[in-house]
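# Chain and residue survey
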Amino acid sequence: MEKITLKDKTFRKVISYEQLSAAIDAVACKINADFKNCDDVPVLLCVLNGSIMFTAELMKRFQFNCQVVSTKLTSYEGTGSTGNVKQALGLTADIQGRRVIVVEDIVDTGFTLSTVVKILKSYNPASIEIASLLDKPSMRKVDDLKLKYVGFVVPAEFVVGYGLDYNELYRQLPY
Ligand code: 5GP
């Protein structure tokens, strides 16, 4: 397996660009089946910064109109979650009575998404669905999260690239 050194750590290439593209095709296909021909304009909520690449790739494949909105939460420092989730950027759209698709890069402990969902619910949306490129279920510390659309299930290892950072670097890697 290809080894890649980033700063002080050695990583191995676990998911290629081609595999990511195929997984995003499959996720988009499921979302299109659920949302195309809809009369409403669903909100696509990009959870910054990790989800930028996945959000962009996903929306290119949509066969319906959506309003793209971003929010930002922080909990990670270095290679681990602090469990202390802070909202750094609030919502900029009215989501009351609307269907929301939350786009995440990875769900680890689940604290971040749980916080996002709690905040969203306080605005009374019609529904909230979650799309995550990666899922690390063995790390989960909350039990109230339902991920409707998932690209890959990954083991409890720290992953980098395709939007995910290592100390704010390497988000640009296409794998
Ligand atoms: P959680 O709150 O579910 O523990 O973590 C969610 C956030 O932590 C993700 O949106 C992501 O930004 C970051 N995170 C979790 N696992 C990883 C990982 O393996 N690599 C990187 N780069 N970030 C991660």
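Everything below is about the structure shown above.
Residues numbered from 1 in each chain as written. Predicted model: local features only at pLDDT ≥ 70, side-chain atom pairs only at ≥ 80, totals over all residues. Heavy atoms only, no water.

## Thoughts on the site of the ligand
In the region of the ligand, 18 residues are neighbours, and D105, T109, T112, V159 and D165 sit closest. The contact in question runs from an oxygen atom of the ligand to an N or O atom on the side chain of T109, over 2.5 Å. Between an oxygen atom of the ligand and a main-chain N or O atom of G110, the distance comes to 2.8 Å. Relative to its free-state accessible area of 510 Å², the ligand is covered by the protein chains to the extent of 93%. Breaking the shell around the ligand down by element, the ones donating at least two residues are β4 (67–77), β6 (99–107) and α3 (111–121). In terms of residues, the shell around the ligand owes the most to one element, β6, which gives four residues. Looking at the shell around the ligand residue by residue, the classes come out as seven nonpolar, five polar and six charged. (Near = heavy atom within 4 Å. Polar contact = N/O pair within 3.5 Å; in protein donor to acceptor, adjacent residues only side chain to side chain. Areas by Shrake-Rupley, 256 points an atom, 1.4 Å probe, with all protein chains shown as cover. Helix = DSSP H or I, 4+ residues; strand = E, 2+ residues; numbered from the N terminus. Nonpolar A, V, L, I, M, F, W, Y, C, P; charged D, E, K, R; others polar.)

## Some thoughts on unusual backbone geometry
Of note, the bond from L48 into N49 is cis; its omega dihedral lies within 30 degrees of zero at -10 degrees. Following the sequence through the fold, N49 ends up in the loop between β3 (43–48) and α2 (52–60). Not every positive phi belongs to a glycine, and N124 is a case in point at roughly 55 degrees. Assignment of secondary structure puts N124 in the loop between α3 and β7 (127–135). Positive phi is not limited to glycine here, since E168 has a value of about 70 degrees. In this structure, E168 sits in the segment after β8 (149–153).

## Regarding the side chain of T112
Assignment of secondary structure puts T112 in helix α3. Judged by relative accessible area, T112 falls into the buried class, the value being 16%. The contact partners of T112, leaving out residues within four places of it in the chain, are L73, S75, V85 and E104. (Buried < 20%, exposed > 50% of the residue type's maximum accessible area, 1.4 Å probe, protein only. Contact = heavy atoms within 4.5 Å.)

## Regarding the packing of helix α1 (residues 17–35) against α2
α2 packs onto α1 with a crossing angle of 55 degrees between their chain directions and a minimal axis gap of 9 Å. By the criterion of interaxial angle, the relationship of α1 to α2 is oblique. As for how α1 packs across α2, the hand of that crossing is right-handed. Where α1 approaches α2, its residues I24, V27, A28 and I31 are matched on the opposing element by F54, E57 and L58. (Axes fitted to C-alpha atoms, helices over the stretch in contact; angles between N-to-C directions. Parallel < 35°, antiparallel > 145°, perpendicular 65-115°, else oblique. Left-handed = near helix turned anticlockwise from the far one by under 90°.)

## Re the packing of aromatic side chains
The full count for this structure, using the stated rule, is six aromatic pairs. Judged by centre distance (4.6 Å) and plane angle (20 degrees), the rings of F62 and F64 are stacked. We note that F62, like F64, is buried. Counting every residue linked through ring pairs, the aromatic cluster contains F11, F158, Y166 and Y170. The ring of Y166 carries the charged tip of K7 above its face, separated from the ring centre by 5.6 Å. Note that K13 overlies the ring of Y175, its terminal NZ or CZ placed 4.5 Å from the centroid. (Phe/Tyr/Trp six-rings, centres within 6.5 Å; stacked < 30°, edge-to-face > 60°. Lys NZ or Arg CZ within 6 Å of the ring centre and 35° of its normal.)

By themselves, these observations are geometric and do not establish any function.
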